[in-house]
Amino acid sequence: MKLIMPEAVKAIIDTLEQNGYETYAVGGCVRDSVMGKEPSDWDICTSALPEETLTVLHADNIIQNGLKHGTVTVRVEGQNYEITTFRTDGIYRDNRHPESVQFVRSLHEDLARRDFTINALAYSPEKGLQDDFGGLSDMANKVLRCVGEPDKRFGEDALRILRALRFASVLGFSIEPVTAESIHRNAALLHHISAERIFSELVKLLQGGHAEQVLLAYPDVLGVFMPEILPMAGFAQHNPYHCYDVWTHTVKAVAAIRPTKTLRLAALFHDIGKPQCHRRDERGIDHFHGHPDVSEGMAEQILKRLKCDKKTISNVCRLIKMHDVRVPAQRKNVRKMIAKTGMERFPDLLELKRADAKAQSPQHLQETLDYVDALEAVYREEAAKDNDFTLRTLAVNGRDLQALGMTDGKRIGQCLNRLLEKVIDCELENQKERLLSEVVSWNIISI
């Protein structure tokens, strides 16, 4: 099998091999190349010790900050290429990083320390593909399997637990039973992983094309760092609009929505407050009054804990708060929804509403989709007029009111907000002369 690689990678490999050192492209870049995908980066491993690599390459564009762990970084035409000496790892006391590494001359020993068989592949133009642990077979069968003993691999680096779920979601691979059992058994080790690392893997998992299968199979793993989701699993919804428990409904909503970071997070958390808001009426029907507000608050706490950026938190929470709002699809009502959601985010709200409906009982699906289509029709009319229903686009501003003789800043603010409400309610057109005439009619200029 011949793989196509960047000329810079081939040149590095050729140079080191010509000087007597075994050198290969290794890991994810080889995996992606075999699968016909474009690698995002290229890692190189070599039998050369770090100082030998430096001597052979003797380039001005070498970064030496990884020498302790055997890594030399070469920058070629704006791209970094990491070259790491074959190594074995010492004891992992923090379930994340080895306390020491030992350099070796054997490619096999280096591949044996890697996480999954599909990542334990190496390639050089001269020697071809090196597959010591059955990675090609697992790739062909779409199976994710640890190299060696799964308990040991996950004990060394607990982040591998989430990486396994992410690979399964993104690649559509099934996790083989022994590895899967180890994931469930060792899930608590994720307590040792930083929030930033966890969140990065979670987002990639959620955006995968096979997130539904992974989320349904591993709520206990996600519950280690998001215990708030655990009550959702198995929580039945005895309601004409629902045919799934809260967790299954949530997962199907995630799968039904476009795979962006904001949308999938909003779908994941949109009903997380339902178990807290549960009430069953005298007919045996379940209700969850107030769950959007409770879900919004819980989502904000979780996302802050996971070190999510503020803009994403704000957008996700706004969508959650509005996801269950149902008003007549008339201009006045939709304008109010747009004002609360934001013109830019309103299409996302419509997507969340559609995904929510697709994860409910099918007999009500078309009715809800027709309703959302009606909301969208009004939205498109307003968007075509560049209306976003904020003070920023109001046809008058504070200076205009000052020109009328109004001097009190607080009163100016109150008047602008009152005008905006009237515009949103379709009582006034957003035209400067009409708005100023309205203010004059209130007889408050000199007060």
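What counts, and at which threshold
- Residues numbered from 1 in each chain as written.
- Predicted model: local features only at pLDDT ≥ 70, side-chain atom pairs only at ≥ 80, totals over all residues.
- Heavy atoms only, no water.
- Core = buried A, V, L, I, M, F, W, Y, C linked by side-chain atoms within 4.5 Å.
- Buried < 20%, exposed > 50% of the residue type's maximum accessible area, 1.4 Å probe, protein only.
- Helix = DSSP H or I, 4+ residues; strand = E, 2+ residues; numbered from the N terminus.
- Axes fitted to C-alpha atoms, helices over the stretch in contact; angles between N-to-C directions.
- Parallel < 35°, antiparallel > 145°, perpendicular 65-115°, else oblique.
- Left-handed = near helix turned anticlockwise from the far one by under 90°.
- Contact = heavy atoms within 4.5 Å.
- Nonpolar A, V, L, I, M, F, W, Y, C, P; charged D, E, K, R; others polar.
- 1 Å grid on protein atoms, 1.4 Å probe; cavity = no way out; pocket = protein on both sides within 12 Å on 5 of 7 lines; lining within 4 Å.
- Points joined across faces, edges and corners; volume = space filled by probe spheres on them.

A. Examining the nonpolar core more closely. Ranked by size, the top nonpolar core spans 120 residues in total, and within it Leu-222, Met-226 and Phe-269 carry the most contacts. In terms of residues, this core owes the most to one element, helix α7 (residues 159–171), which gives eight residues. Ranked by size, the runner-up nonpolar core spans 10 residues in total, among them Cys-45, Phe-86, Leu-111 and Ala-120.

B. Focus on the packing of α7 against helix α9 (residues 195–206). At a closest axis distance of 8 Å, the pairing of α7 and α9 adopts a crossing angle of 15 degrees. Between α7 and α9, the angle is such that the two are roughly parallel. In this structure, α7 meets α9 at a crossing whose hand is left-handed. In this structure, α7 uses Leu-159, Leu-162, Arg-163, Leu-165, Arg-166, Ser-169 and Val-170 to contact α9, whose residues at the interface are Arg-197, Ile-198, Glu-201, Lys-204 and Leu-205. Tallied by class, the residues present in the contact of α7 with α9 amount to six nonpolar, one polar and five charged.

C. Summary view of the packing of helix α18 (residues 346–358) against helix α19 (residues 365–384). Contact geometry for α18 and α19: axes closest at 9 Å, N-to-C directions at 175 degrees. It follows that α18 is roughly antiparallel to α19 by the angle criterion. From α18, Phe-346, Pro-347, Leu-350, Lys-353, Arg-354, Ala-357 and Lys-358 reach across to α19, where they touch Leu-365, Thr-368, Leu-369, Val-372, Asp-373, Leu-375, Glu-376 and Tyr-379. Within the contact of α18 with α19, the residues separate by chemical class into nine nonpolar, one polar and five charged.

D. Geometry of the environment of Leu-162. In this structure, Leu-162 sits in helix α7. Measuring from C-alpha to C-alpha, the distance between Leu-162 and Val-221 comes to 8.4 Å, with 59 residues separating the pair along the chain.

E. Seen up close, the layout of surface pockets. Size it by volume and the largest pocket reaches roughly 1,600 Å³. Around the largest pocket sit 45 residues that line it, and Asp-43, Glu-82, Arg-114, Asp-115 and Arg-163 are the ones nearest its centre. Mapped onto the lining of the largest pocket, the elements with two or more residues apiece are α2 (28–34), β2 (43–46), β3 (62–66), β4 (71–76), β5 (79–85), β6 (87–89), α7 and α9. Broken down by element, the residue count for the lining of the largest pocket peaks at seven residues, all from α7. Classifying every residue of the lining of the largest pocket by side-chain character gives 13 nonpolar, 13 polar and 19 charged. Of the pockets and cavities examined, the second largest pocket occupies roughly 580 Å³.

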